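Breakdown of the fold
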Amino acid sequence: MKSYRKELWFQTSKRRELINITPDVEKCLHESGIKEGFVLCNAMHITASVFINDDESGLHKDYEKWLEKLAPEKPHSQYNHNTFEDNADAHLKRTIMGREVVVAITAGKLDFGPWEQIFYGEFDGKRKKRVLVKIIGE
Ligand code: ZN
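Residues numbered from 1 in each chain as written. Predicted model: local features only at pLDDT ≥ 70, side-chain atom pairs only at ≥ 80, totals over all residues. Heavy atoms only, no water.

**Points about the overall build of the protein**
Our working rule: Counting from the N terminus, the helices are the DSSP runs of H or I reaching at least four residues and the strands are the DSSP runs of E reaching at least two. Three labels apply to residues, based on accessible area from a 1.4 Å probe with only protein chains included: buried if under 20% of the type maximum, exposed if over 50%, partly exposed otherwise in between. In this analysis, two residues are considered to be in contact whenever any of their non-hydrogen atoms come within 4.5 Å of each other. Residue-level accessible areas treat just the shown protein chains as cover; the underlying method is Shrake-Rupley with a 1.4 Å probe. For the purpose of charge, His is not counted, nor are the chain termini; Lys and Arg are scored as positive and Asp and Glu as negative. Here the site of a charge means atom NZ of a Lys, CZ of an Arg, CG of an Asp or CD of a Glu.
Helices and strands together make up the secondary structure of the protein, namely three helices and eight strands. When the helices and strands of the protein are read in sequence order from the N terminus, they spell out β-β-α-β-β-α-α-β-β-β-β. Across its three principal directions, the C-alpha atoms of the protein cover 50 × 30 × 20 Å. Expressed as a percentage of its 138 residues, the buried residues of the protein come to 42%. When contacts within the protein are restricted to residue pairs at least 6 apart in sequence, long-range pairs at least 24 apart make up 83% of them. When the accessible surface of the protein is split by element, carbon and sulfur atoms take 54% of a total near 7,900 Å². Here the protein contributes 22 positive and 22 negative side-chain charges, whose respective centroids are spaced 4 Å apart.

**Notes on the coordination of the zinc ion**
Definition in use: Distances decide who is a donor: an N, O or S atom must be within 2.8 Å of the metal, or within 3.2 Å for Na, K and Ca. Water is not included, so sites may look incomplete. In short, tetrahedral needs four donors with all angles between 85 and 135 degrees, square planar needs four and octahedral six donors with opposite donors over 155 degrees apart and all other angles between 65 and 115, and whatever is left is irregular.
For the zinc ion, the full set of protein donor atoms is His81 (NE2), Glu85 (OE), Asn87 (OD1) and His91 (NE2), and the range of their distances to it is 2.1 to 2.2 Å. Viewed at the metal, the four donor atoms of the zinc ion are separated by angles of 81 to 157°, and the geometry they form is irregular. Going along the chain, you hit the donors of the zinc ion in the pattern H-x3-E-x1-N-x3-H. A relative accessible area of 40% places Glu85 in the partly exposed class.

**Notes on the sheet that holds strand 1 (residues 2–10)**
Hydrogen bonds between backbone groups are what pair the strands of a sheet, and the pairing can be parallel or antiparallel. The test is simple: Whether two strands pair comes down to DSSP finding at least two bridges between them. Each axis is a line fitted through C-alpha atoms, taken for helices only over the stretch in contact, and angles between the N-to-C directions span 0 to 180 degrees.
Judged by pairing direction, the sheet is antiparallel, and its five strands sit side by side in the order 1-8-3-5-6 without closing on themselves. Each end of this open sheet is capped by a strand with a single partner; those strands are strand 1 and strand 6 (109–110). For strand 3 (residues 37–43) and strand 5 (residues 100–106), the ladder comprises six bridges, and the chain directions are antiparallel. Residue pairing across strands places Val39 opposite Val103, the latter belonging to strand 5. Against the sheet, helix 1 (residues 22–32) engages strand 1, strand 3, strand 5, strand 6 and strand 8 (129–137), with an angle of about 150° to strand 1.

**Section: unusual backbone geometry**
Omega for the peptide link from Lys74 to Pro75 comes to 0°, which places this bond in the cis form. One can find Pro75 in the loop between helix 2 (57–70) and helix 3 (88–97). Positive phi, close to 70°, is recorded for Trp115, a residue that is not glycine. Assignment of secondary structure puts Trp115 in the loop between strand 6 and strand 7 (117–122).

**What to know about the nonpolar core**
This is how the line gets drawn: Each nonpolar core is a collection of buried residues, namely Ala, Val, Leu, Ile, Met, Phe, Trp, Tyr and Cys, held together in the definition by side-chain atoms within 4.5 Å.
By size, the foremost hydrophobic cluster in this structure holds 22 residues, and its most contacted members are Ile21, Val39, Cys41, Val50, Ile118, Val131 and Ile135. Among the secondary structure elements, those contributing two or more residues to this core are strand 1, helix 1, strand 3, strand 4 (48–53), strand 5, strand 7 and strand 8. Leaving out residues up to four positions away in the same chain, Val131 has contacts with Lys6, Glu7, Leu8, Phe10, Ile21, Cys41, Asn42, Ala43, Met44, Val50 and Tyr120.

**Section: the sheet that holds strand 7**
Sheet architecture is open: three strands sit in the order 2-7-4, paired in antiparallel fashion. Here the strands that pair on one side only, and so sit at the sheet edges, are strand 2 (17–20) and strand 4. Pairwise comparison of adjacent strand axes, ignoring direction, gives a mean angle of 25° for this sheet. Where strand 4 meets strand 7, six bridges bridge the pair, whose relative direction is antiparallel.

Here you go:
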């Protein structure tokens, strides 16, 4: 069995951003040389997510509106967590959107369903953060 590990780094200019990281994960898969197996992709921070969905701009705006209804950023004072920080909303958003995804690798490719793409969801950005890509197989 082969094993591959890489960290992808991001620094968003906005507090919240969704980034399609599918090309980065495909590059990792190519580098790994693995043809059959699994790729695990997870945010290494508790205020960011990795999830799979459609790369459609309307949907991305819908995520922003939906997440702001569930866990509005402001007022910061509404959250018990926000004594020394202001990112309670980002922790809650990350929990809803998930920590990681696992994708099957078949014949050297990510074995996606229709329109599936991998996203990094940043909810407390403007600083360097990373995603772990771990691939196992042969
Ligand atoms: Zn915090």
